[in-house]
Amino acid sequence: MNANIIIECKDLGKQYKTPEGERVIIERMDLAVKENEFVVLFGPGQCGKTTMIRLLSGLEQPDRGAVRINGKRIQGPGPDRGVVYQTISLFPWLTVMGNVEYGPKVRGIAKKERREKAQHYIELVGLKGFENTYPVKLSGGMKQRVGIARAYCNEPVVMFMDEPFGALDAQTRYLMQEELAQIWEKEQRTVIFVTNNIEEALYLADRIIVMRNCPSSIKREYEIDLPRPRNYVDPEFLRLRKEITGIMDKTL
Ligand SMILES: Nc1ncnc2c1ncn2[C@@H]1O[C@H](COP(=O)(O)OP(=O)(O)OP(=O)(O)O)[C@@H](O)[C@H]1O
Ligand SMILES: [Mg+2]
């Protein structure tokens, strides 16, 4: 095994029972993600992206194949995996600080240490000054920032993001893409990010995995070596955007 590979799956398959019988969602997926690599799973609506996140993060078990993190087969969820969802479920009764420090607190990290850690990540996501604010007072973009800080604060081995900006308005979405790219450049992590937005994929990814429609498998992979920060109207960006959009399956 390549020592640099953090998470991998081979011949991964998943099907669900439906009233019409078994339905294969993931036909076959092979993936190996290197340390600090930013991988984007890109595919049309309903192609099985969330199912992949659930399998890779251990929330669900595959019917075939296995997921390994640092060579060890995973059999359930664990603190070494952090997930950021489209709708961030923050604890409404806790402040920004309370939400971000929650993971380390549950793991028994002493108050001083976890506060320092949480403060660092709150500042990393640009929320300095909002430590004592409650979620109800935060905008959608700010909630996603808290979600990112919370995931970082748990110091997971792999961070999963399932369309984290999918519910934001277009302008906030661009802003958050830029912010996330900056955050990741400052503190690199191994990230598996899901989107059906090609601009977002190209703006963020080291590598884009294009998924087929359900039953899903990998249609094609692209190494994206455009310099960062990326430019949405750079000719090569636009060329790749056109090419990848062209090969993408349409939602059935
Ligand atoms: N527990 C389940 N039981 C039966 N079918 C399921 C289950 N979970 C997901 N599916 C089906 O699997 C398919 C893929 O779903 P999934 O949520 O993984 O896709 P997705 O690419 O994340 O979709 P979206 O773009 O809407 O986020 C869908 O047709 C869905 O109905
Ligand atoms: Mg989904």
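Residues numbered from 1 in each chain as written. Chains lettered and ligands numbered in written order. Predicted model: local features only at pLDDT ≥ 70, side-chain atom pairs only at ≥ 80, totals over all residues. Heavy atoms only, no water.

Peer 1: What am I meant to see in the site of ligand 1 here?
Peer 2: Taken together, Y16, R23, I25, G45, Q46, C47, G48, K49, T50, T51 and E163 make up the full set of residues near ligand 1. Separating an oxygen atom of ligand 1 from a backbone N or O atom of C47 is a distance of 3.0 Å. Take G48: an N or O atom from its main chain is 3.0 Å from an oxygen atom of ligand 1. Within the complex, the protein chains bury 66% of what would otherwise be the 630 Å² of accessible surface of ligand 1. With respect to the detected pockets, ligand 1 is housed in the second largest pocket. Contributions of two or more residues to the shell around ligand 1 are made by β2 (21–34) and α1 (49–56). At 3 residues, the largest contribution of residues to the shell around ligand 1 is made by α1. (Near = heavy atom within 4 Å. Polar contact = N/O pair within 3.5 Å; in protein donor to acceptor, adjacent residues only side chain to side chain. Areas by Shrake-Rupley, 256 points an atom, 1.4 Å probe, with all protein chains shown as cover. 1 Å grid on protein atoms, 1.4 Å probe; cavity = no way out; pocket = protein on both sides within 12 Å on 5 of 7 lines; lining within 4 Å. Sits in = over half its atoms within 2 Å of the grid points. Helix = DSSP H or I, 4+ residues; strand = E, 2+ residues; numbered from the N terminus.)

Peer 1: When you look at the sheet that holds strand β6 (residues 81–84) in this model, what are you seeing that I'm missing?
Peer 2: Paired through their backbone hydrogen bonds, the strands of a sheet run either parallel or antiparallel. The strand order across the open sheet built from 10 strands is β5-β4-β1-β2-β10-β9-β3-β8-β7-β6, with neighbouring strands paired in mixed fashion. The open sheet has two edge strands, β5 (72–73) and β6, and neither has a second partner. α1 contacts β1 (5–18), β2, β3 (38–42), β4 (64–69), β6, β7 (158–162), β8 (190–195) and β9 (207–211) of the sheet and is inclined by roughly 120° relative to β1. Packing of helix α5 (residues 140–153) onto the sheet brings it into contact with β6 and β7, and relative to β6 it is tilted by some 175°. (Pairing = 2+ DSSP bridges. Contact = heavy atoms within 4.5 Å. Axes fitted to C-alpha atoms, helices over the stretch in contact; angles between N-to-C directions.)

Peer 1: Can you walk me through the domain arrangement of the chain in this structure?
Peer 2: By a frequent convention, interface size equals the accessible area lost on bringing the separate parts together. Annotation of the chain at the domain level lists domain 1 (1–80 + 158–252) and domain 2 (89–155). Using only C-alpha atoms to locate each centre, domain 1 and domain 2 end up separated by 25 Å. Contacts between domain 1 and domain 2 engage 16 residues on the former and 13 residues on the latter. A combined buried area of about 1,200 Å² lies between domain 1 and domain 2, and 65% of that area is made up of carbon and sulfur atoms. E179 serves as the salt-bridge partner of R145, at 3.4 Å between the closest nitrogen and oxygen. On inspection of domain 1 and its partner domain 2, the count reaches 5 residue pairs in polar contact (both at pLDDT 80 or more). For the side of domain 1 that touches domain 2, the elements supplying multiple residues, two or more each, are β7 and α6 (170–186). Residues of the side of domain 1 that touches domain 2, tallied by class, amount to 11 nonpolar, 1 polar and 4 charged. (Domains from an automatic or database assignment. Buried area = accessible area lost by both parts, 1.4 Å probe. Salt bridge = Lys/Arg side-chain N within 4 Å of Asp/Glu carboxyl O. Nonpolar A, V, L, I, M, F, W, Y, C, P; charged D, E, K, R; others polar.)

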